[in-house]
Amino acid sequence: MSDLFDAVADLPLSIESAERTRRERDTSSGFLRVTTTFHLTGSEPEEPETAGSASHGGKHVGRGEDVSYDTADHDALADAPSFDFAGEYTFAEFSAYLDDVDLFPTKPPERETARHYRRWAVESAALDLALRQNDLSLASAVGRDPESLRFVVSTRLGDPPTTDRLEAILDTYPGTEFKLDPTPEWESGLIDAVAATDAVRILDLKGLYEGTEVDAEPDPTLYERLLDAFSDAVFEDPAFTDETRPLFDGAEGRVSWDYPITGVESVEALPFEPEWLNVKPSRFGTVESLFETIEWAEARDIDLYGGGQFELGVGRDHIQLLASLFYPDGPNDVAPGGYNDPDVAAGLPRSPLDAPRNELGFGWDSAR
């Protein structure tokens, strides 16, 4: 067990009921995003709740967001009966209890990755509730001070790809940094135009995805063009083949990993020890696995940055708070949700975000 997990493992947790709400929203990537938020209600607090804490009929409520990508999974969940999580636990005991709970009671998930996403939703809701019931913030529990949070904007460039969206965002928000998903349609002229913005910090090659709409076959010609044009960018999830692996000889320090990272064991299975990792909390499933991996990486001076999953609700607050506590200076793909809208409006917060107050629970609680 990690020291970070030790800090929350023994928190008393009382759950009386569980509810769910559903959200949906169009995205800049051209799909309808659907998520489900779990609301775990606990016992009456002994003292009046801190301003800004979630409450429900005078009781504490912890929330966590299921970011499973397939709408069918959320439809099936909507038809499922409420989960009976009621009981008295420590947080670690509740996590262990979930090992034997089928969180997909009406049908298996469309993709196995969704099991971790839903487990994270329930665990993060339970952690939020346990912290609130014990009058703690996550920051105070783990002994870290939240810091101002650097973020990048993740976007695709359309079909056919153009620089229009980049230019629109940079016109409204000069100085914005980006994480982009190159595709085989990125020809030399577009690559040069994008590189000329000097705003790209991460290029997500998506070479390891399987069975998704964003799967990308390894293209040695494209990889070589990108490596030459973006001399300072981090390259995420390249697919190594006999043709592509030699392109990264001497450039291993520019490689990052995202899709396969679900815990320490998955990091140790990489082709080489990384210098960069994208930390997407929902991929880990459990709080213990997430915290263990953060500590493992910190002990080896591996640079971390946070990743998002098009969260529509409290999940975005959670990934932002974790980034502000553990990797605030990284190129965090945790921009406020408005940057994911098809048309980016004026008036959005700019990077860096002011440090959150995080006075209670697993919440951002900032004045922005």
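Residues numbered from 1 in each chain as written. Predicted model: local features only at pLDDT ≥ 70, side-chain atom pairs only at ≥ 80, totals over all residues. Heavy atoms only, no water.

Caption draft 1: Focus on the side chain of T176. With respect to the helices, strands and loops of the structure, T176 is situated in the loop between α6 (164-172) and β8 (178-180). Residue T176 is classed as buried on the basis of its relative accessible area, which comes to 11%. A polar atom in the side chain of T176 sits 2.6 Å from the backbone oxygen of Y173. Residues contacting T176, with those up to four places away along its chain left out, are V153, I169, L170 and A199. (Helix = DSSP H or I, 4+ residues; strand = E, 2+ residues; numbered from the N terminus. Buried < 20%, exposed > 50% of the residue type's maximum accessible area, 1.4 Å probe, protein only. Polar contact = N/O pair within 3.5 Å; in protein donor to acceptor, adjacent residues only side chain to side chain. Contact = heavy atoms within 4.5 Å.)

Caption draft 2: Broad picture of the environment of D204. Summarising the element assignment, D204 is placed in strand β9 (residues 200-204). Spatially, the C-alpha atom of D204 lies 27 Å from that of W364, the residues being 160 residues apart in sequence. Those residues in contact with D204 that sit more than four places away from it in its chain are K179, L180, D181, P182, E236 and D237. A polar contact is formed between the side chain of D204 and the side chain of K206, at a distance of 2.9 Å.

Caption draft 3: Fine view of the packing of helix α3 (residues 91-98) against helix α4 (residues 113-133). Packing of α3 against α4 brings their axes to within 10 Å, and their N-to-C directions diverge by 160°. By the angle between their axes, α3 is roughly antiparallel relative to α4. Crossing of α3 over α4 shows right-handed handedness. Each of F91, F94, S95 and L98 in α3 lies in contact with α4, whose residues at this interface are R119, V122, E123, A126 and L127. (Axes fitted to C-alpha atoms, helices over the stretch in contact; angles between N-to-C directions. Parallel < 35°, antiparallel > 145°, perpendicular 65-115°, else oblique. Left-handed = near helix turned anticlockwise from the far one by under 90°.)

Caption draft 4: Up close: helix α7 (residues 188-196). Buried within α7 we find L190, I191 and V194. All buried residues of α7 project into a common sector of 100° when viewed along the axis, lining one side. Exposed and oriented more than 90 degrees from the buried face of α7 are G189 and A196. Looking at the packing, one finds that the buried side of α7 touches α6, β8, β9 and α8 (220-229). After α7 finishes, the residue D198 shows a positive phi value of roughly 55°. (Arc of directions from axis to C-beta.)

Caption draft 5: The arrangement of the nonpolar core in detail. By size, the foremost hydrophobic cluster in this structure holds 91 residues, and its most contacted members are F85, L138 and F291. For this core, the element with the highest residue contribution is α4, accounting for 10 residues. Filtering out sequence-adjacent residues up to four positions away, F85 remains in contact with I15, A18, L40, F94, Y97, L98, V101, L103 and V122. (Core = buried A, V, L, I, M, F, W, Y, C linked by side-chain atoms within 4.5 Å.)

Caption draft 6: Structural context of the side chain of N332. Here N332 lies in the segment after α12 (314-326). Beyond its immediate stretch of four places on either side in the chain, N332 contacts L149, R150, F151, V152, Y305, G306, A323 and Y327.

Caption draft 7: Structural view of the packing of aromatic side chains. Per the counting criterion, the structure on display carries 20 aromatic pairs. In this structure an aromatic cluster arises from ring pairing among F38, F83, F85, Y89, F94 and Y97. The positively charged end of R33 is found above the aromatic ring belonging to Y69, 4.1 Å away from the centroid. One residue, R118, lies across the ring of F104, its end atom 3.9 Å from the ring centre. (Phe/Tyr/Trp six-rings, centres within 6.5 Å; stacked < 30°, edge-to-face > 60°. Lys NZ or Arg CZ within 6 Å of the ring centre and 35° of its normal.)

Caption draft 8: Region of the structure containing the pattern of salt bridges. Enumeration over the complete set of coordinates arrives at 27 salt bridges. Salt-bridge contacts for K179 lead to E236; the nearest nitrogen and oxygen are separated by 2.9 Å. Of this pair, K179 sits in strand β8 while E236 sits in strand β10 (residues 234-236), and the two are 57 residues apart along the sequence. D204 is the partner of K206 in a salt bridge, and the nearest nitrogen-oxygen pair spans 2.9 Å. With respect to class, K206 is no different from D204; both count as buried. A network of salt bridges, in which partner residues are shared, links R156, K179, D181, D204, K206, E236 and D333. (Salt bridge = Lys/Arg side-chain N within 4 Å of Asp/Glu carboxyl O.)

Caption draft 9: Looking closely at unusual backbone geometry. Across the junction of D159 and P160, the peptide omega takes the value 5°, indicating a cis bond. Along the polypeptide, P160 turns up in the loop between β7 (153-155) and α6. A cis amide bond links S351 to the next residue, P352, at an omega of 0°. Counting through the fold element by element, P352 comes out in the segment after α12. A positive phi angle is found at D135, which is not glycine, with a value near 55°. We classify D135 as exposed; its relative accessible area is 57%. With phi around 55°, F310 is a residue other than glycine that occupies positive phi space. Mapped onto the secondary structure, F310 falls in the loop between β13 (303-306) and α12.

Caption draft 10: Structural detail: the environment of L138. Within the fold, L138 resides in helix α5 (residues 138-142). Each C-alpha atom, one on L138 and one on G363, is 8.1 Å from the other, the two residues being 225 residues apart in sequence. Beyond its immediate stretch of four places on either side in the chain, L138 contacts L127, L131, F291, L321, L322, L325, N358, G361 and F362.

Caption draft 11: Structural view of the sheet that holds strand β12 (residues 276-279). Spatially, the 7 strands line up as an open sheet ordered β7-β8-β9-β10-β11-β12-β13, and their pairing is parallel. Every other strand in the sheet has two partners, leaving β7 and β13 as the edge strands with one partner each. The average angle at which neighbouring strand axes cross in this sheet is 25°, direction not considered. As paired strands, β10 and strand β11 (residues 255-257) are joined by 2 bridges and run parallel to one another. Bridge pairing in β11 links E236 to S256. (Pairing = 2+ DSSP bridges.)

Distances and angles like these do not, on their own, reveal function.
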